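Examination of the molecular architecture
Each chain, written out:
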Amino acid sequence: MRLDVFRAQQAAHMHIQGSGRVLTPEEQRLVDKTMLDGARAGLAFLPVAEREKLTELKKELNQACLEFEQNFNEEKGSVTFTLEELKGVPEDAICSFKKRIGGDKEVHEVTFKMPDFGPVTGNAENPETRRIIYEAFENRLAVNVPVLSKVLDLRRRIAKLLGYQTWADYATEVKMVKTAKGVEQFLTDLEQKLRPIGLNDRLNLLALKKKEHEEKCYPFDGELYVWDYNYYSRKFVAQSLSLDSELLKEYFPVSHVVSVTLEIYQHLLGVQFVQAEGETWHPDVQLFAVWEKDASGKSGFIGYCYLDLYPREGKFSHAAVWPIIVGFEKADGSRNFPAAGIVANLAKPNPMKPALMKHFDVKTFFHEMGHVFHELLSRTRFARFHGTTVAGDFMEAPSQMLENWCYEPEVLTRMSSHYETKRPLDADFITKVIKSRYANVGMFNLRQISYAMFDLKVHILEETIDYTKLWVDLRESIGLLKSGKNLPGQGAFAHIIGDYNVGYYGYFYSDVFAADMYAAVFKGDPFDPVRGSHYREKILLPGGSKDEMDMLKDFLGREPNSDAFVQQLFGGSKAAVDVQ
């Protein structure tokens, strides 16, 4: 932000106040946010020398963040295994691995991308195989350790210069939680409530490990290691629910899931997708024009959507949505139409089977499409408030609410189509999928809390420490998973670099609202377009132009509460109490 521009904005603000002009709610919010931006940028009070220092520090910070992200996106590591070492890994996954000769043996090259890494950590019977790939995975971005340390140091210095005690206090000022202390209290309270359930989960997984190690004559030291979790979590679900995740995957061909997902959203929100011709950044990318359902002319046009769904070298390795063009009202009253892109890394077909999705990936794709529609269906006057530009700890709430569709029997029936028989999941299979939502819920969420605590703690510290040790210690003390070595997994924790810094807690915080929204409005009929229209009007359309709590109360017809969150997270466990 330029000083001369901010001074002009201050003058305009004073003129508005002096004139007695009454602003619209969105205009007033823009003025308030702009004044706060200037103060947070140091333009309202810092003397010249300190402003220049701040500018210098911000440039260094931006450069360090870019270096971290570039390293993350360009990571090309892999580990090789023999076929024997991959025993237990599904054959279709092995077929997708590159083969080469290593010494005098044929080996399979396993990358750290999820379509490779996931099947090995979740299925390889040999614990050494799982340990080797997990430790290599944790160490894959050790190059980012000094970069992250520099980022955190620069943030500390910037926060002090701006008059904040810590960067966490600076970052949370503009979020619903308001303070770093509020984040710490929220996470600590949630951890305490989850811990008894997590400890029970750990005992269940350890019992499976002990039995298997005895049967296969593997040594057993009574510990559950980080590379054990995916494997024994899958086995626990398979045994306790008789749910075979590999068989389940056969019911979710990528092409069918994507098509049905778009159909559900189109029906619920009253829109239509039309495949369009146009330039894209890669041949795999699909472009759609999005229209109102009953559009009869240009007035029904909404915007554009890009689907970039498959992995490739140098591509962002997770799933996310980016606004490409934001929507706003032009000076002549016409619209600047938005465009949004969803980036994912779904499995590609292999010689044995078409591209198939785990149920987790189905849920992730449905979630990300929720962000797409937040970007497309927002309709604000100012670009500043378009789409997902809401408080960071509310931004995930709409998409988290939509994840509930992936546990609804009717949705699972429509979303599933066995790649050979074309039959949907039967009622028994669907019941098992719904029950699996609560399997290992304690350990899964404690692990996520360990990441959120790391994100918070490194931003409230006032001096540099051994961040690798903190990463490992939190995963052991909170996540209940032992590490073999202290390896710098934080080098790949990309959330900490971008807009999600001091924001990982937001996945839990916003889920409180998401659960309430779904239970109160959609649970009775998740396909009802009238309810979809209500959601579109009250949550999506305002973007960030209204206070988040006001939007929630408008949507719910009351104050939000955490009752549905407790029920959803704990599955009705008596150990659960209110987490707010």
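Below or above, wherever it landed, is the structure these notes cover. (Residues numbered from 1 in each chain as written. Predicted model: local features only at pLDDT ≥ 70, side-chain atom pairs only at ≥ 80, totals over all residues. Heavy atoms only, no water.)

**Remarks on the overall build of the chain**
Regarding its fold elements, the chain presents 22 helices and 10 strands. For the chain, whose C-alpha radius of gyration is 25 Å, the value lies close to the compact-globule estimate of 25 Å for 580 residues. When the backbone C-alpha atoms are referred to their principal axes, the chain occupies close to 85 × 60 × 50 Å. When contacts within the chain are restricted to residue pairs at least 6 apart in sequence, long-range pairs at least 24 apart make up 71% of them. (Helix = DSSP H or I, 4+ residues; strand = E, 2+ residues; numbered from the N terminus. Rg over C-alpha atoms; globule rule 2.2 N^0.38 Å. Contact = heavy atoms within 4.5 Å.)

**Thoughts on the side chain of Asp 528**
Here Asp 528 shows up in the loop between α19 (506-522) and α20 (529-540). Looking at Asp 528, the relative accessible area reads 17%, which means it is buried. Looking at Asp 528, its side chain comes within polar contact range of the side chain of Arg 531, at 3.0 Å. (Buried < 20%, exposed > 50% of the residue type's maximum accessible area, 1.4 Å probe, protein only. Polar contact = N/O pair within 3.5 Å; in protein donor to acceptor, adjacent residues only side chain to side chain.)

**A word on the sheet that holds strand β1 (residues 78-81)**
Across the sheet, three strands lie side by side as β1-β3-β2; this open sheet has antiparallel pairing. The sheet is open, and its two edges are formed by β1 and β2 (98-102), each paired on a single side. Strand-to-strand, the axes of this sheet are offset by a mean angle of 40°, without reference to chain direction. Strand direction decides the pairing type here: β2 and strand β3 (residues 105-111), joined by five bridges, are antiparallel. Opposite Lys 98, over in β3, you have Glu 109 as the bridge partner. (Pairing = 2+ DSSP bridges. Axes fitted to C-alpha atoms, helices over the stretch in contact; angles between N-to-C directions.)

**Things to note about empty space enclosed by the protein**
One pass over the full model with this rule turns up two cavities of 30 Å³ or more. If you add up the space inside the largest cavity, you get close to 70 Å³. Forming the walls of the largest cavity are Phe 72, Glu 75, Phe 112, Lys 113, Met 114, Phe 137, Arg 140, Leu 141, Ser 317 and His 318. For the lining of the largest cavity, a count of residues per class yields five nonpolar, two polar and three charged. Estimates place the volume of the second largest cavity at around 50 Å³. (1 Å grid on protein atoms, 1.4 Å probe; cavity = no way out; pocket = protein on both sides within 12 Å on 5 of 7 lines; lining within 4 Å. Points joined across faces, edges and corners; volume = space filled by probe spheres on them. Nonpolar A, V, L, I, M, F, W, Y, C, P; charged D, E, K, R; others polar.)

**Some points on the packing of helix α12 (residues 254-269) against α20**
Two elements in contact, α12 and α20, have axes separated by 7 Å at closest approach and are oriented at 80°. On the basis of the axis angle, α12 is roughly perpendicular to α20. Residues His 267, Leu 268 and Leu 269 of α12 touch α20, and the partners they reach there are Pro 529, Gly 532, Ser 533, Tyr 535, Arg 536 and Leu 540. Residue composition of the contact of α12 with α20, grouped by class: five nonpolar, three polar and one charged. (Parallel < 35°, antiparallel > 145°, perpendicular 65-115°, else oblique.)

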